[in-house]
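Letter by letter, the chains look like this.
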Amino acid sequence: MQIKISSVFVDDQDKALAFYTGKLGFTKMADIRMGPTYRWLTVVSPEGVHGVELALESVVGFDAARVFQQTLYASGRPCTGFVTADVEAEAQRLRERGVVVRGEPVDMGPIKAVMFEDGCGNLIHLIQPLIKPE
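Residues numbered from 1 in each chain as written. Predicted model: local features only at pLDDT ≥ 70, side-chain atom pairs only at ≥ 80, totals over all residues. Heavy atoms only, no water.

### Topic: the nonpolar core
Going by this rule: Throughout this description, the term nonpolar core refers to a set of buried Ala, Val, Leu, Ile, Met, Phe, Trp, Tyr and Cys residues connected via side-chain atoms within 4.5 Å. Relative accessible area decides the class of each residue, using a 1.4 Å probe on protein chains only: under 20% of the type maximum gives buried, over 50% gives exposed, and in between gives partly exposed. Numbering of helices and strands runs from the N terminus; a helix is a DSSP stretch of H or I covering at least four residues, while a strand is a stretch of E covering at least two. In what follows, a contact means two residues having at least one pair of non-hydrogen atoms within 4.5 Å.
With 23 residues, the main nonpolar core has Tyr20, Leu24, Leu54, Leu56, Phe82 and Phe116 as its most contacted residues. Counting only elements with at least two residues in this core, the list comes to β1 (5-10), α1 (13-23), β3 (39-44), β4 (53-58), α3 (87-96), β7 (111-117) and β8 (123-129). At four residues, the largest contribution of residues to this core is made by α1. Every residue in contact with Leu54, bar those within four places of it in the chain, is listed here: Ser6, Ser7, Val8, Tyr20, Phe26, Leu41, Thr42, Val43 and Phe82.

### Re the pattern of salt bridges
Stated formally: Whenever a carboxyl oxygen of Asp or Glu lies within 4 Å of a side-chain nitrogen of Lys or Arg, that contact is scored as a salt bridge.
A full pass over the atoms with the stated rule returns nine salt bridges. Where Asp14 meets Arg39, a salt bridge forms, and the shortest distance between an N and an O atom there is 2.8 Å. Within this pair, whereas Asp14 is found in helix α1, its partner Arg39 is found in strand β3, the two being separated by 25 residues in sequence. With its nearest N and O atoms 3.8 Å apart, the salt bridge here joins Lys28 to Asp31. According to the relative accessible area criterion, Lys28 is partly exposed, its value standing at 44%. Exposure remark for Asp31: the relative accessible area of 34% places this residue in the partly exposed category. Through salt bridges with shared partners, a single network forms among Asp14, Lys28, Asp31 and Arg39.

### Some details on the side chain of Glu117
Worth spelling out the cut-off: Each polar contact in these results corresponds to two N or O atoms within 3.5 Å; when the atoms are within protein, one needs to be able to donate a hydrogen and the other to accept it, and residues that are neighboring in sequence are counted only if both atoms are side-chain atoms.
On the secondary structure map, Glu117 appears in strand β7. Within polar-contact distance, the side chain of Glu117 engages the side chain of Tyr73 at 3.2 Å. Apart from residues no more than four positions distant in its own chain, Glu117 is found in contact with Phe19, Tyr73, Val99, Val100, Arg102, Asn122 and Leu123.

Now the structure itself:
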C-alpha cells in the first residue's frame with residue numbers, strides 16, 4: 001500500500017491552481033470535470049516523489065469541509081506540510097513571489113519550520129528536517 005494522493009480543501013479551484021503552479025512551481029497533473037459542480041484537480045511537485053499528487057478539493061457545496069478549513073485557519077493550524085532542504089531560502093523565494101509567509105523559520109529541534117498562506121483558505125507548514133533519517 002502507498003500514498004498516491006493527498007488533499008487540501010480550497011475555496012476557489014482556479015485561484016488554487018494559479019497559486020500552486022505559479023507561486024509554488026508545481027505542475028498541473030489532472031483537471032477533469034465530473035458533472036456541473038465537481039472538478040478533479042491535482043498538481044505534482046517536480047521535486048517530489050514521482051506519482052504522488054496533491055488534490056485541490058473544492059469546499060463549494062461541502063459545508064463540513066468549509067467549516068473544517070476555516071477552523072484550521074482561524075486556529076493557526078496548517079492543513080498540511082511541505083518539505084524543503086533549505087527553509088530560509090525557500091521562505092525568501094516565496095516572499096519574492098508575493099506569498100504571505102508568517103514570520104521567520106523557527107528551529108524546533110528535529111526540524112526548522114515556518115508557515116505560509118496559500119490564499120485559498122489554508123496555512124501550509126514549510127519544513128526543513130534537521131536530523132538525517134537512519
